[in-house]
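# Architecture at a glance
The residues making up each chain are set out below.
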Amino acid sequence: MGGGGDMKWQKDAADQNFDYMFKLLIIGNSSVGKTSFLFRYADDSFTSAFVSTVGIDFKVKTVFRHDKRVKLQIWDTAGQERYRTITTAYYRGAMGFILMYDITNEESFNSVQDWVTQIKTYSWDNAQVILVGNKCDMEEERVVSAERGRQLAEQLGVEFYETSAKENINVKTVFERLVDIICDKMSESLDSEPAMLAGGGRGQRLTEQPQGNSNPNCNC
Ligand code: GTP
Ligand code: MG
């Protein structure tokens, strides 16, 4: 890491002015718009040039939710297969995932299940996920209907939004929703901890999700 990176870390480490720190990851196929989404959110900028991410990068943003200062460390992963070993190493410790496909790209939608498998394999069991169909400004090129996105999200037991990094549609909403879901999950875990210690791990909200309990390997 270069000098600039080190300085950034020092500055971040010195800034203790927050109540919580959440580590979030944006994942999905190459070119779905992960980097654009993060730039829109963190810098309110957009460029139509495509510079495919090499490995992994991150940005920090502090938000206020429910009187709390939440510092978000948002990791932007490369979608290209060849970086998979690097990127999956960062899944551990992530509290939330934005799983993105491109509504004009069928293949990116078909890959969503594979990305879910990656999350299940490499992340914490109670990491929270939001499914995002990006590029909703490109209505004429759309090949994945919003309904298919909704249905898939329901099957997976996650929330769903269509977004546009270009037109700034739902970008902030997705991050705020993810922060809220993580906060809810945290307070639930605290509430249900005595029961969990006693071996009765139910009481987790996932029982409300359609298929939350169908997979014995899934503790999410
Ligand atoms: P990798 O880094 O290779 O994994 O790709 P990525 O998912 O980070 O994609 P990136 O953000 O670089 O965007 C790919 C291309 O899609 C770029 O040319 C962007 O300008 C374009 N793009 C991203 N988001 C949108 C969007 O919401 N609408 C439109 N029309 N184009 C977008
Ligand atoms: Mg990128």
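What counts as what
- Residues numbered from 1 in each chain as written.
- Chains lettered and ligands numbered in written order.
- Predicted model: local features only at pLDDT ≥ 70, side-chain atom pairs only at ≥ 80, totals over all residues.
- Heavy atoms only, no water.
- Pairing = 2+ DSSP bridges.
- Helix = DSSP H or I, 4+ residues; strand = E, 2+ residues; numbered from the N terminus.
- Axes fitted to C-alpha atoms, helices over the stretch in contact; angles between N-to-C directions.
- Salt bridge = Lys/Arg side-chain N within 4 Å of Asp/Glu carboxyl O.

- Naming follows an unreviewed UniProt entry, where the chain appears as Ras-related protein Rab-3 of Bicyclus anynana.

## With respect to the sheet that holds strand β1 (residues 20–27)
- Reading across from one edge, β2-β3-β1-β4-β5-β6 is the order of the six strands in this open sheet, with mixed pairing throughout. One side of each edge strand has no neighbouring strand; the edge strands of this open sheet are β2 (56–65) and β6 (159–162). For this sheet the average axis-to-axis angle between neighbouring strands, irrespective of direction, equals 25°.
- Bridging between strand β5 (residues 128–134) and β6 involves four bridges; their strand directions are parallel. Its bridge partner lying in β6, I130 is registered against E159.

## Quick look at the pattern of salt bridges
- By the definition in use, this model includes 12 salt bridges.
- D180 is paired through a salt bridge with R65; the nearest N and O atoms lie 2.8 Å apart. Taken together, the residues span a long stretch of sequence, with D180 in helix α7 (residues 171–197) and R65 in strand β2 at a distance of 115 residues.
- Look at the salt bridges and you will find they share partners, linking R65, K172, E176 and D180 into a network.

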